[in-house]
Amino acid sequence: MTRKSFLGTGLEYLYSKSGQTVWPLVKEHLNRDIMKSSLTLLIALLVLPGSASAADTYGYAKDENGRQYQTRFDLRKRWFWGGAASFDGDLTANLQTGAVYEEFDEWENHRDRQAFLEATLQMSTLELDATLYRWDRSRRSEEPPVWITTFIGEPRRFDVPLHLGPSIVLGRVARREFDTSTQTRIDVGEAGFHWTLAQSNTLEDFVRIRLAAAGGVNIRTAPDEVYGYFAPSASLEGRWSPSDRGLWEISFDATARRGFEPSGINWTSLSSTLEVERVLFAINDQPLTVFIQGRAEAFNNVDDRRFWGLAGARINFFVPPPLPPDQCPNEKEDFDGFEDDDGCADPDNDGDGIRDSEDNCPFESGLRIRHGCPISEAPYDPDPCVRDPNGSRCLSCKLDPTLPTCPPAEEPVAAEPVSEEPVAAEPPNACESSPEGCTDEN
Amino acid sequence: MLLSGEAVAADYEEDDNSRAFRTSFPLHDRFSMSAGVDDVLHAQPSFSVSLAAHFTLDFPEEEIWWALRHRIVATELRFDGNGRASLIKGEYLRHDMSSFIVVPADVDWRVPAPFDLSVDWRLISVELVDSTASVFEPIAMSFSADFCRDEAFRTRCALGVNTAYQYDFGTKEHVITPFSTASIRLKHETASGRFAVGVQADAGWRLRTTGTDRGWQSGWAVTSELEWIFLAINDQPLSLAFSAGRDGWDDSYNAGVALRVSFPTR
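What counts and how
Residues numbered from 1 in each chain as written. Chains lettered and ligands numbered in written order. Predicted model: local features only at pLDDT ≥ 70, side-chain atom pairs only at ≥ 80, totals over all residues. Helix = DSSP H or I, 4+ residues; strand = E, 2+ residues; numbered from the N terminus. Buried ≥ 20, exposed ≤ 12 C-beta atoms within 10 Å, placed from the backbone. Contact = placed C-beta atoms within 7 Å. Nonpolar A, V, L, I, M, F, W, Y, C, P; charged D, E, K, R; others polar. Pairing = 2+ DSSP bridges. Core = buried A, V, L, I, M, F, W, Y, C linked by C-beta atoms within 7 Å. Axes fitted to C-alpha atoms, helices over the stretch in contact; angles between N-to-C directions. pLDDT = per-residue confidence, 0-100.

**Some details on the overall build of chain B**
Here is step 1: The secondary structure content of chain B amounts to zero helices and 17 strands.
Here is step 2: Within chain B, the fraction of its 266 residues that count as buried is 22%.
Here is step 3: Long-range pairs, those at least 24 residues apart, make up 52% of the contacts in chain B between residues at least 6 apart in sequence.

Okay, here's the thing in structure tokens:
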């Protein structure tokens, strides 16, 4: 897995799509700050995709004519527009839009989920559900945070998956029409935390309980009233991508809220949603999905129940392929620029038997006597210092210019026959073949 | 001198999924907190909380091994206002590999001594009784011969004599025990440290210097305790601690049960 920020992934994706050379420069000058990440997604949404150029990369395939097309989709990164037929006794139209972006950081063992400008509009009654921005973070830990050992009978260990994470929502609006009045509930902000009961290795799939508290404004008509409120809530949420190609998405949530207003009007809101979505085909590698959704809601009290069924389609933009599966789920990638996408640590990139931390040329197979560099490189200088001809004072020293005196020069090694083979293949009796005997390096 | 070292691999087991968990616990190197009920045999039981810090110093010499066990700030507070606390309780155990005491002479005398030696002591203890009266005990010591001779110090069968001094602020009495009581200590704990049981009985005479009971007073007392670690959360053991006692001098008795959470320090 690659340790890339939301920003980095977005820019790289744009770069791969557009082929423009400006993106690496932009990427170099921006950091992982989350606000800048958000800005980058907005930039991404404004840039139309170019032709796919990610030849032979994970998630793409070629047909017999050499034409390339995307076959895997990460629907957790997309900008979508959708339309659906909605049935709640009457058949109406429903429009949707929004952008979501999820990023898994293997290095920090967490996944950030963000959504921007999500909106669903019910056309006949002009009922609206919209969210300006939401974010949450899930974590995983190598070791479970809590484990219990019982000593009744044979000792046994039970792991308790206590994975907690924060979440915030900014600017959530719900507008409903009733027989003689309308009501608009605006959550200015909501903060909470969630306890993930079960989650996949990359935190993509999960079932969790979320507890939150929101503050907002309730706007009612007939009679006209505006009141602030405080509303704690509890939710059960889940997401599941059953296909490793990212073709399916299943999600559900059930939320109970209790609102307290200064007017003394307290309300209970219940809502639940179940949705199944499937990639049907892709146009210019932009997948079109179809979905069915069932919703139930009691907006102000339990007796005020409503049910919807939706069936529709979404066209999704900027959906990259998912990251390739982690080939080493039990070890961390070392992110040193060498095969950083396979999820495996590479302690010796060039395979010369010299660990990268001790290898001056970690991407070129070399010799230990040359500190891991190949023999074709500049010859190894046993005395890296320029000495005062009248004494041993250092005039300049590559190792450390501040040294008052030069360190003693090493024995010359140029005359020593050097095997071209890596150290691992060096003959055990190499010393005997040297006309000068063994040096310290041997 | 060695502070009892780090936890070792032998303290842990692995299950079929290679998950490690601790199965051995150091009863004498931990910080413990208990919450429970005292006086369960009385009409009005009282809730109590207690805490103590345990640490051990080991001196594993070639022929003679020492284990110096301490309990620091061993405190028990009851919700009815009673309680007791000791600044430090010590249990110094000496295990000798030979069975003789050598007395230097022209030809050394080798006196048969098929026992180990131990010293149990308390320093600066206070006992609150009925929230008002209090008993202050600067020091109490017990010198014992241990016939179980367990080199791991897990089992004790000790016979000894006791000395102590107490001052009762309520009755303004001095109570002195000048090696005039004898004690027997029986203790056992499993190698895993998950189960420990102990009984101590004292009998003899104590001297009261003032008050209506002035003079020598005979009596006896028995205390017992049992601890069983039945669960561990994140390798921190959770145990049930039972205690019961009968004091013939005060004609009182007590029984309690507590839930104890411990934090091993090694």
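Moving on from the model shown.
**Quick word on the overall build of chain A**
Here is step 1: The helix and strand inventory of chain A stands at four helices and 18 strands.
Here is step 2: Going through the 442 residues of chain A one by one, you find that 24% of them count as buried.
Here is step 3: Summarising the internal contacts of chain A: among those between residues at least 6 apart in sequence, 51% fall at separations of at least 24.

**Concerning the interface of chain B and chain A**
Here is step 1: Listed by partner, the interface residues are 13 residues for chain B and nine residues for chain A.
Here is step 2: The greatest single-element share of the side of chain B that touches chain A, amounting to five residues, is contributed by strand β15 (residues 215-233) of chain B.
Here is step 3: Its residues assigned to classes, the side of chain B that touches chain A comprises six nonpolar, two polar and five charged.

**Quick notes on the pairing of strand β17 (residues 252-264) of chain B**
Note on strand geometry: in a regular strand, side chains alternate between the two faces of the sheet.
Residues and elements named next belong to chain B.
Here is step 1: In terms of strand pairing, strand β4 (residues 30-38) meets β17 through eight bridges, oriented antiparallel. Within β17, the position partnered with R30 by the bridge is P264.
Here is step 2: Summarising the sheet, strand β16 (residues 236-247) and β17 pair through 10 bridges and their orientation is antiparallel. Counted as the bridge partner of R246 is Y253 from β17.
Here is step 3: Count of turn residues in the β16/β17 antiparallel hairpin: four residues, of which D251 carries a positive phi of about 55°.

**Remarks on the nonpolar core**
Here is step 1: By size, the foremost hydrophobic cluster in this structure holds nine residues: F73, L75, W79, F80, A99, Y101, V279, F318 and V319 of chain A.
Here is step 2: Beyond its immediate chain neighbours, meaning those up to four positions away, L75 of chain A contacts G246, E249, N316 and V319 of chain A.

**What about unusual backbone geometry?**
Here is step 1: With omega at 0°, the peptide bond leading from A222 of chain A into P223 of chain A counts as cis.
Here is step 2: By the secondary structure assignment, P223 of chain A is in the loop between β11 (206-220) and β12 (225-240).
Here is step 3: Despite not being glycine, V73 of chain B has its phi angle at roughly 50°, a positive value.
Here is step 4: Inspection of the secondary structure assignment puts V73 of chain B in strand β6 (residues 64-78).
Here is step 5: Residue class for V73 of chain B comes out exposed when judged on the 12 C-beta atoms lying within 10 Å of it.

**Description of the sheet that holds strand β10 (residues 182-199) of chain A**
Here is step 1: Strand order in the closed barrel formed by 12 strands is β3-β4-β5-β6-β9-β10-β11-β12-β13-β14-β15-β16 (chain A), and the pairing between neighbours is antiparallel. Taking each pair of neighbouring strands and ignoring which way they run, the sheet shows an average axis angle of 20°.

**Some words on the pairing of β4 of chain B**
Here is step 1: Strand direction decides the pairing type here: β4 of chain B and strand β5 (residues 46-60) of chain B, joined by nine bridges, are antiparallel. What sits directly across from S32 of chain B, in β5 of chain B, is A52 of chain B.

**Looking at the confidence of the model for chain B**
Residue and element names in this part refer to chain B.
Here is step 1: Looking at chain B, the pLDDT average stands at 90 and 97% of residues meet or exceed 70.
Here is step 2: Put simply, strand β1 (residues 2-3) is where chain B has its lowest mean pLDDT, 45, and strand β14 (residues 195-208) is where it has its highest, 96.
Here is step 3: Across the interfaces of the predicted complex, the ipTM metric reaches 0.83, alongside a pTM of 0.55.

**Some points on the confidence of the model for chain A**
All names here are of chain A.
Here is step 1: Of the residues in chain A, 71% have a pLDDT of 70 or more, and the chain-wide mean is 78.
Here is step 2: For the stretch residues 45-55, pLDDT sits under 50, and the model shows 19 contacts to residues farther than four places along the chain or on other chains.
Here is step 3: In this model residues 412-442 is a low-confidence stretch, pLDDT under 50, and it forms 33 contacts with partners more than four residues away in sequence or in other chains.

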